[in-house]
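The residues making up each chain are set out below.
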Amino acid sequence: MRTLTLTTAIVLTGVFGVAGIAKLRDLEGTRTAVRAFGGPVPVVPVVALVLPVAELAVACALLLPPTRAVGAAGALGLLALFSAAIAASLARGKTPECRCFGQLHSAQASWKTLARNGALGSIAAGLFVATRDEAGPSPWGWIAARTATELGVIAGAIAAVTLIAAIGASFLALTRAYGRVLLRLEATEKVLQDAGIELASDADA
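Note that the structure is a prediction, hence the values are computed from the model and not measured.

Let's shift gears to the overall build of the protein. Per the secondary structure count, the protein includes 7 helices and 2 strands. Since a compact globule built from 205 residues should have a radius of gyration of about 17 Å, the 22 Å found for the protein marks it as more spread out than a globular shape. Within the protein, the proportion of its 205 residues that are buried is 29%. Counted over contacts in the protein with a minimum sequence separation of 6, partners at least 24 positions apart contribute 69%. Taken as a whole, the protein presents about 12,700 Å² of accessible surface, with 70% of it coming from carbon and sulfur. Separation of charge centres in the protein, based on 17 positive and 13 negative side chains, amounts to 13 Å.

A few words now on the layout of surface pockets. Put simply, the largest pocket is a space of about 490 Å³. Along the walls of the largest pocket sit 24 residues, with Lys23, Phe37, Leu51, Phe82 and Cys100 positioned nearest its centre. For the lining of the largest pocket, the elements supplying multiple residues, two or more each, are α1 (2–25), α2 (27–36), α3 (44–63), α4 (68–91), β1 (97–101) and α5 (111–131). If one sorts the elements of the lining of the largest pocket by residue count, α4 sits on top with 5 residues.

What follows covers the environment of alanine 33. By secondary structure assignment, the location of alanine 33 is in helix α2. Residue classification places alanine 33 among the buried residues on the basis of a relative accessible area of 12%. Measuring from C-alpha to C-alpha, the distance between alanine 33 and serine 170 comes to 26 Å, with 137 residues separating the pair along the chain. Once residues within four sequence positions are removed from consideration, alanine 33 is found in contact with Glu97 and Arg99.

Quick look at α3 now. Counted at 1.5 Å a residue, the expected span for α3 with its 20 residues is 28 Å, and the 30 Å between its end C-alpha atoms agrees. Among all positions of α3, only Val44, Ala48, Leu51, Pro52, Glu55, Val58, Ala59, Ala61 and Leu62 are buried.

A few words now on the packing of α4 against α5. Each pair of packed helices gets described by two things: the angle between the helix axes and the distance between those axes. Between α4 and α5, the shortest axis-to-axis distance is 8 Å and the interhelical angle comes to 160°. Taken together, the axes of α4 and α5 are roughly antiparallel relative to one another. As for the relative orientation of α4 and α5, their crossing is left-handed in sense. Within the contact between the two elements, α4 uses Arg68, Ala69, Ala72, Ala73, Ala75, Leu76, Leu79, Phe82, Ser83, Ile86, Ala87 and Leu90 and α5 uses Trp111, Thr113, Leu114, Asn117, Leu120, Gly121, Ala124, Ala125, Leu127, Phe128 and Thr131. Tallied by class, the residues present in the contact of α4 with α5 amount to 17 nonpolar, 5 polar and 1 charged.

Counted by the stated rule, this structure contains 3 salt bridges. Linking glutamate 55 and lysine 23 is a salt bridge whose minimum nitrogen-to-oxygen distance equals 3.1 Å. Here the residue glutamate 55 occupies a position in helix α3, and lysine 23 occupies one in helix α1, the gap between them amounting to 32 residues. Summarising the burial analysis for this pair, glutamate 55 and lysine 23 share the class buried. For arginine 31, the salt bridge goes to glutamate 28, with nearest N and O atoms at 2.9 Å. With arginine 31 and glutamate 28 both in helix α2, this residue pair falls 3 residues apart, about one helical turn. Taking relative accessible area as the criterion, arginine 31 reaches 24% and is therefore assigned partly exposed. The exposure class assigned to glutamate 28 is partly exposed, which follows from its relative accessible area of 45%.

Once that is clear, we can look at the side chain of glutamate 55. On the accessibility criterion, glutamate 55 (2% relative accessible area) is buried. One polar contact links glutamate 55 to lysine 23, side chain to side chain, over a distance of 3.1 Å. Among all residues touching glutamate 55, those that are not within four sequence positions of it are Phe16, Ala19, Gly20, Lys23, Leu78 and Phe82.

Averaged over every residue, the pLDDT of the protein is 82; the share at 70 or more is 91%. Considering each helix and strand of the protein separately, the mean pLDDT is smallest for strand β2 (residues 105–108), with a value of 68, and largest for α3, with 91.

Rules used throughout
Residues numbered from 1 in each chain as written. Predicted model: local features only at pLDDT ≥ 70, side-chain atom pairs only at ≥ 80, totals over all residues. Heavy atoms only, no water. Helix = DSSP H or I, 4+ residues; strand = E, 2+ residues; numbered from the N terminus. Rg over C-alpha atoms; globule rule 2.2 N^0.38 Å. Buried < 20%, exposed > 50% of the residue type's maximum accessible area, 1.4 Å probe, protein only. Contact = heavy atoms within 4.5 Å. Areas by Shrake-Rupley, 256 points an atom, 1.4 Å probe, with all protein chains shown as cover. Lys, Arg positive; Asp, Glu negative; His and termini not counted. Charge placed at Lys NZ, Arg CZ, Asp CG, Glu CD. 1 Å grid on protein atoms, 1.4 Å probe; cavity = no way out; pocket = protein on both sides within 12 Å on 5 of 7 lines; lining within 4 Å. Points joined across faces, edges and corners; volume = space filled by probe spheres on them. Expected span 1.5 Å × (residues − 1). Axes fitted to C-alpha atoms, helices over the stretch in contact; angles between N-to-C directions. Parallel < 35°, antiparallel > 145°, perpendicular 65-115°, else oblique. Left-handed = near helix turned anticlockwise from the far one by under 90°. Nonpolar A, V, L, I, M, F, W, Y, C, P; charged D, E, K, R; others polar. Salt bridge = Lys/Arg side-chain N within 4 Å of Asp/Glu carboxyl O. Polar contact = N/O pair within 3.5 Å; in protein donor to acceptor, adjacent residues only side chain to side chain. pLDDT = per-residue confidence, 0-100.

Written out as structure tokens, the structure reads:
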């Protein structure tokens, strides 16, 4: 149970840490997203800075046992805030660009985004309940309690998962790029046909 608690905390730390750093590195994009979700223009710069700082604070709190429950509550609060903003936009028929991870990942807000936030919110809520009485071990304390063999197996598993994720991300990016090329080719062919230029058939080519 203690290991599960630590694993959950580390997963949420990764999510909020990456999101916070990515937003800080793309403040202009973050400001654009805040405006798109209906943020008042005068406070947009402040909100765009406060959000990633709050995410990083939550990430740090989740790592430390004494503040883990507070971090879980903060994560749940931020996810509820993001979900409310997304739901309000969808209810108005708008699907603004959701720059949840800055330039690392950007997509239009949708019900899938809400579902993702709901899943993360459930994890944060479970962690909050689990850590109110027992915060669980610290990452370095847990590592110190492992044998060299256990650490080697864990490192190998992490490396394998990272490699698979990297290959999957590269394949997905390549597929999307290929799809964009096909769309552009189709658009070019249509323009040429509309201009009266005949294209060679597949057999002629």
